[in-house]
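The primary structure of each chain is shown beneath.
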Amino acid sequence: MNIQAYLAFNGNCQEALNFYSELFDAKIQNRQTYEDKKIDVPSSYRQKLQHAELKGKGVNFMAYDAAPDTPINHGNQIHMSIDFNDLEKAKDVFETLSQNGKTHHNFRERAWGHFGRCTDKFGINWMVNCDH
């Protein structure tokens, strides 16, 4: 069994995946646009992503640009959670994710280790953990 997140974006999925790809040293795979699909989307939306996957060592999630008639409501129903063994790497990733976003819980030591929670510039919620 494999359970993974599927993230929805408002037309900036490629930009977000480029950002995450660089940050997590992962590859964008199975990239499909709306170009040749028999889906009713405006011509200006045809180059947007209908599906893509980000895969790397310890990274695996899917993403797409929701069709313009499907409103995206950013909420707190889902968070991407990352576990690290390297405290410096965890701090760096947290700082990069929270840049131009919102920090909800500063990355600091807690009873179980280091933890921080933020929403990145794309509206995606993240929890960053380090057990050291």
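Residues numbered from 1 in each chain as written. Predicted model: local features only at pLDDT ≥ 70, side-chain atom pairs only at ≥ 80, totals over all residues. Heavy atoms only, no water.

1. Details of the sheet that holds strand 7 (residues 113-119)
Put simply, the rule reads: DSSP bridges decide pairing: two strands pair if at least two such bridges lie between them. Only DSSP runs of H or I reaching four residues or more are called helices, and only runs of E reaching two or more are called strands; each is numbered from the N terminus. Angles run from 0 to 180 degrees between N-to-C directions of axes, and those axes are lines fitted to C-alpha atoms, restricted for helices to the stretch in contact.
Pairing is mixed across the open sheet formed by 4 strands, whose spatial order is 5-8-7-6. Either end of the sheet is taken by a strand with one partner, and the two such strands are strand 5 (80-84) and strand 6 (102-110). In this sheet, neighbouring strand axes are inclined to one another by 10 degrees on average, regardless of whether the strands run parallel or antiparallel. Both strand 5 and strand 8 (residues 125-130) contribute to a ladder of 5 bridges, which runs parallel.

2. Topic: the nonpolar core
The criterion, for reference: We define the nonpolar core as a collection of buried residues of types Ala, Val, Leu, Ile, Met, Phe, Trp, Tyr and Cys that are connected through side-chain atoms lying within 4.5 Å of one another. Relative accessibility decides the category of a residue: with a 1.4 Å probe and only protein chains considered, values under 20% of the type maximum give buried, values over 50% give exposed, and everything between is partly exposed.
One finds Phe 9, Tyr 20, Phe 24, Phe 61, Leu 97 and Trp 126 to be the most contacted residues of the largest nonpolar core, which totals 31 residues. Looking at this core, the elements that each hand over two or more residues are strand 1 (6-9), helix 1 (13-24), strand 3 (49-56), strand 4 (59-65), strand 5, helix 2 (87-98) and strand 8. The leading source of residues in this core is helix 1, at 7 residues.

Nothing here speaks to function; it is geometry throughout.
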